[in-house]
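Tertiary structure, described
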Amino acid sequence: MAAEEAVEAGLSAERLQEAEEEAAENGASSAGGGEAAALKKHLSIQRQLADLEKLADLNEAEKKPCPLCPEEKFKACYGHKLHRHLQNLHWKISVEFEGYRMCICHLPCRVAKPNFVADQAFSKMGAHYHCIICSATITRRTDMIGHINRHVNKGETESRFITAPAPKSSCEVLKEADADVQVLPNYFTPQKTDSYFNPKMKLNRQLIFCALAVLAEERKPIECLDAFGATGIMGLQWAKHLRSSVRVTINDCNENSVTMIQENCHLNKMKVKVSAKEEDNYEALGDGEENTDTIEVTKMDANVIMHLRSFDFIHLDPFGTSVNYLDSAFRNVRNLGIVSLTSTDISSLYAKAQHVTLRHYGCNIVRTEYYKELAARTVIAAVARSAARCNKGIEVLLAVALEHFVLVVVRVLRGPSPADDSAKKIRYLIHCQWCEERIFQKEGNMVEENPYQQLPCDCHGSMPGRTAVVLGPLWSGALFNTGFLRRMLFEAVQYGLDDVQPLLKTVVCEAECTTSKNFSTHSPSDENKQEECGVYIKTPDMLAESDVVPGKRKNNEVMRNATKRQKTDNSAEHPAFYYNIHRHSLKGMNMPKLNKFLNYLSEAGYRVSRTHFDPMGVRTNAPLAQFKTVLMKHSTPTYAGGQTEGPLQLTEDVQVGDQLQAAADSKAKDDELLEEKKSGDTAAIFAEDCPTHCAAN
C-alpha cells in the first residue's frame, strides 16, 4: 500500500513538473509575442458584481454552478440562490485595489505541497485570493491586504494582467453654497471612493467659512490651507466668496482626489496653480474666460506641506483623529493665525472606546452626562500641548461637538509666556459617579490627603467605597470667545448662511451664559472693538486710521505689541460643564418646561443658559444641590388619574387657598352656632320673664 502511494506521489510530482515547464514555455512565448499574449487575469478579479454574475450566466430556468467554487463545495442551483451566494460569500469579503475586486476563490488553484498526494491535497484545498499585481495566491484576507500594501510601498502598482481601461462612471454634480463639485456615485462611502463628500458636514463647513471670513477682515490677503481636500468643496467656497482676500491652497495625498479637485476648479471657472515652484504655470480655463481667482492644488502629505510653508489659516479634517498633524500645524502657522480641526473619531471621544482615547489623546475619560463637552476639552488639551511644544499658546475661539464631529477653532499666540499660560489650564477633573458632580483639581503639585473634600457633594461620606474618579488631563479654560462668535454671526448673516445662524446664536448665548431673551445683536462698529486674550485685534476701521506699509512685519505688528496681554476676568467666563434636566429629575414628578426652569434659576440669582452640546442641558454656575432644589421646588407630582402641569408653587397656593376657605367656613359655622346658642338663651330668659300667653304668642 505504501509503495502504491509512493508511486502515485511520484507520478503527481512528475505531472506538476511537466505543468510548470509548460507554463514557463507559455510565459516565454507570451513575452516574445508582446502585449497581445500577456497573462490573463483570474476569474476572481472583477470590477463589478455584475461582471461576476455574467461568468455564472444566471438563468432562472436552469441550474448553474458557481464559477469560483468546485462542484463538491457548492452544487449547481437556480439563479436567485446563486446570486445570493456570489454576493454574500465571494463579493462581500473581497479586497479592492484601483477599481478591481479580488474575490475569494475556492477553486484548486494553489500548488499542492510535495508531502501530500493529489487526492489529499485537493481535499485540504482552502479559500484563497489571487493578487492582481504578482498573481500570488494568499489564503487570509488580512494577509492579502498587507501583501497589496507592500506592493504599493515598493511602487509596484502595475498589474501583470491585461486589464481593460476603467469605464468612466457617471459623475454627479452637487451644489453647496454656490460651489459646484462633481462626485462619484459612491461619494458618501469613504472606503469605496477617492472623492469622499459628506452632505451631513455642511454645518461644519459653514462654521469654518465664518471663522475664515472673520480672519479675512482682520488682515488681507491671508494664506489658507485645506490640508485634506477630497473633492475640494471647502477651498472652492473660500475662493469663490472671499476672492482676493484669501490665497487658497488645497492639498491631498491621493492622486485621484487631486485630479478631481482640478476638475472641480475648472467647473467653477477657477484657475489652477499646478506647481508652487513655477509661478506662471497655470492651467487654462477652457472657454477663454478671464478670472483672477486662482487656487493652488498640491499633492503631498499634510505634514510635509505644513512643514515646508507658513499659513495664516489651517484646517485639518482627516478621516478619524487629527492628533498626528498637530505638531506640523503649529510649527509654521503665523502669529495670531487660526488653526481649526475637525475630529470624527466619535467612538473614542464619546467614551465608547476608552482605550483608544488613552492611546491617541493620553486622556482617561468615562461616559458622563456631559460627554460631548468632555470630548471637546479632550481635543483642546491635545491642541494646547502640541502648541506649547512649539513655544506657542492658544486662545479657544469656538468648540462645537455635534453628532458626527467635534470642531475646535483656536487662535495662535506666539511666545513662551502664552504657551505657559495655556499649559497651566490643562488640569485633571474629579467626577462623582453617584451624583454626577464634578470639579477641576486645584492648581499645585502638592498631594492632598483627601481629594474628596474638593467635591461639593458628600457622597463619599454617605456611600461605601470609592465614589469618585479622576478624568483627564482636560482643558479647564473657556470654550468660546464672545466677540469672535458675534463677528462670525455677522458674517453668516452677510453671506446668507441660514443653516448656521441658529447654532451661532445658541453658542453666543452659551458663551455669555444668558438666555435667548437677553440676546441682542450689536452693530458692526461694536464688533470692530474686539479684544481677545488681552490682544487688540486689528479690524478694517483700525487699519483705515493707521497707514500700514505692506511687507514690513514691524509696522504690521505695532498694534499687536503696543498692548500687553492682560489677565482675563474669570468671572466673565462661562461656567464649566452643564447639567441635564432629565438626568436629575425626580421619579414621580413632572418637571417644568426648560425655558421656565431657566427663569427660575435666574430668579434665584444664578447665571444660566442653554447649551448646544445637549438640547436638554442647562449651563449654570449653581451647585448641583441648588440645581436639584430649584428643580424639585417647581416640579409637580404625577397622579394616577392624570398628570398635572404647572410648578409646585401654584399647587401650594391652591392648597393654601383651600385651607383658608375651609378655615373661613368653619369660622362661619362657629359664629352661627354661637348666634343660635345666644338666641336660645335669650328665648329662655324671655319665657321666664313673660306670662304664658305672651310666650305662646
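Residues numbered from 1 in each chain as written. Predicted model: local features only at pLDDT ≥ 70, side-chain atom pairs only at ≥ 80, totals over all residues. Heavy atoms only, no water.

1. Focus on the overall build of the protein chain
Scanning the protein chain from N- to C-terminus turns up 25 helices and 25 strands. Within the span of the protein chain, comprising 697 residues, buried residues form 43% of the whole. In the protein chain, 64% of the contacts between residues at least 6 apart in sequence involve partners at least 24 apart. Carbon and sulfur atoms form 51% of the exposed surface of the protein chain, whose accessible area is close to 37800 Å². (Helix = DSSP H or I, 4+ residues; strand = E, 2+ residues; numbered from the N terminus. Buried < 20%, exposed > 50% of the residue type's maximum accessible area, 1.4 Å probe, protein only. Contact = heavy atoms within 4.5 Å. Areas by Shrake-Rupley, 256 points an atom, 1.4 Å probe, with all protein chains shown as cover.)

2. Considerations on the confidence of the model for the protein chain
Chain-level pLDDT for the protein chain is 78 on average; 70% of the residues reach the 70-or-more range. Ignoring residues within four places in sequence, the model shows residues 640–664, a span with pLDDT below 50, making 19 contacts including any to other chains. Counting contacts from residues 677–697, a segment whose pLDDT is below 50, to residues more than four positions away or on other chains yields zero contacts. (pLDDT = per-residue confidence, 0-100.)

3. Re helix α7 (residues 233–242)
Across the ten residues that make up α7, a large majority, eight, are buried. Within α7 the residues assigned to the buried category are I233, M234, G235, L236, Q237, W238, A239 and L242.

4. Quick look at the sheet that holds strand β17 (residues 438–440)
Strand pairing in a sheet takes place through backbone hydrogen bonds and is either antiparallel or parallel in direction. Reading across the sheet, the three strands line up as β17-β16-β18 and stay open at both edges, with antiparallel pairing between neighbours. Of all the strands in the sheet, the pair left with one neighbour each is β17 and β18 (468–475). Geometrically, the sheet is characterised by an average inter-axis angle of 25° between neighbouring strands, direction not taken into account. Alignment of strand β16 (residues 426–432) against β18, held across six bridges, turns out to be antiparallel. Following the sheet pairing, L429 is matched in β18 by L471. Lying on the sheet, helix α13 (residues 371–389) is in contact with β16, β17 and β18; it crosses β18 at an angle near 50°. (Pairing = 2+ DSSP bridges. Axes fitted to C-alpha atoms, helices over the stretch in contact; angles between N-to-C directions.)

5. A word on the nonpolar core
Judged by nonpolar contacts, the single largest core of 113 residues is most densely connected at F330, I394, L398, V406 and M488. When near neighbours in sequence (up to four residues on either side) are disregarded, I394 contacts F330, I380, V383, A384, A387, V410, R411, S422 and W475. Counting 21 residues, the second largest nonpolar core, distinct from the first, contains C457, C459, Y579 and L598. (Core = buried A, V, L, I, M, F, W, Y, C linked by side-chain atoms within 4.5 Å.)

6. Describing the side chain of Q206
Structurally, Q206 is set in helix α6 (residues 202–218). Judged by its relative accessible area of 7%, Q206 falls in the buried class. In this structure the side chain of Q206 is engaged in a polar contact, spanning 3.4 Å, whose partner is the backbone nitrogen of V500. If we skip the residues at most four places from it in the chain, Q206 touches L497, D499 and V500. (Polar contact = N/O pair within 3.5 Å; in protein donor to acceptor, adjacent residues only side chain to side chain.)

7. Description of the pattern of salt bridges
Counted according to the given criterion, the structure contains 18 salt bridges. Residue E62 is joined to K64 by a salt bridge in which the shortest nitrogen-to-oxygen separation is 3.4 Å. Here K64 falls in the buried class, since its relative accessible area comes to 17%. One connected set of salt bridges, linked through shared partners, spans E223, R247, E296 and R309. (Salt bridge = Lys/Arg side-chain N within 4 Å of Asp/Glu carboxyl O.)

8. Quick word on the side chain of D312
If you trace the backbone, D312 turns up in strand β12 (residues 311–316). With residues up to four places along the chain from it excluded, the contact list for D312 reads L215, R219, I222, E223, R334, G337 and I338.

9. Description of the packing of helix α16 (residues 482–494) against helix α17 (residues 501–512)
Two quantities define a packed helix pair, namely the angle between the helix axes and the distance between the axes. At their nearest, the axes of α16 and α17 sit 10 Å apart, and the two run at 165° to each other. The pairing of α16 with α17 is recorded here as roughly antiparallel in orientation. In this structure, α16 meets α17 at a crossing whose hand is left-handed. Only Q501, L504, K505, V507, V508, A511 and E512 of α17 make contact with α16, whose side of the interface consists of T482, L485, R486, M488, L489, A492 and V493. Each residue belonging to the contact of α16 with α17 can be placed in one class, and the counts come to nine nonpolar, two polar and three charged. (Parallel < 35°, antiparallel > 145°, perpendicular 65-115°, else oblique. Left-handed = near helix turned anticlockwise from the far one by under 90°. Nonpolar A, V, L, I, M, F, W, Y, C, P; charged D, E, K, R; others polar.)

10. A look at the sheet that holds β12
One open sheet holds the eight strands; their spatial order is β10-β11-β9-β8-β12-β13-β15-β14, and the pairing between them is mixed. Pairing within the sheet leaves two strands with one partner each, and these edge strands are β10 (271–273) and β14 (392–401). The mean angle between the axes of side-by-side strands here comes to 20°, regardless of whether they run parallel or antiparallel. Examined bridge by bridge, β10 and strand β11 (residues 294–298) share three bridges and lie parallel to one another. The partner of V272 across the bridge, within β11, is I295.

11. Quick look at helix α8 (residues 255–267)
Its 13 residues give α8 an end-to-end C-alpha distance of 19 Å, which sits within 8% of 18 Å, the value for a rise of 1.5 Å per residue. For α8, the full list of buried residues reads S257, V258, M260, I261, Q262, N264 and C265. Elements in contact with the buried residues of α8: β7 (179–183), α7, β9 (246–251), β10 and β11. At the N-terminal end of α8, a side-chain oxygen is found 2.9 Å from the backbone nitrogen of N256, two or three residues along, and the residue is N254. Positive phi appears at K269, one or two residues downstream of α8, with a value of about 60°. (Expected span 1.5 Å × (residues − 1).)

12. A few points about unusual backbone geometry
Looking along the chain, the bond that leaves K220 and enters P221 is cis, with omega of -15°. Relative to the assigned elements, P221 resides in the loop between α6 and β8 (222–226). For the bond running from G472 to P473, omega is 5°, close enough to zero to count as cis. Here P473 shows up in strand β18. One non-glycine residue, S135, lies in the positive phi region at around 60°.

13. Re the environment of C363
Residue position: C363 is located in the loop between α12 (354–361) and α13. Sequence separation of C363 and A382 is 19 residues, and the distance between their C-alpha atoms is 9.1 Å. Every residue in contact with C363, bar those within four places of it in the chain, is listed here: T357, L358, T378, G472, P473 and L474.

14. Here's the deal with the pairing of β7
Burial analysis of β7 places four of its five residues in the buried class, which makes it a mostly covered element. Pairing geometry for strand β6 (residues 172–176) and β7, over five bridges, is antiparallel. By the bridge assignment for β7, L174 is matched with V181.

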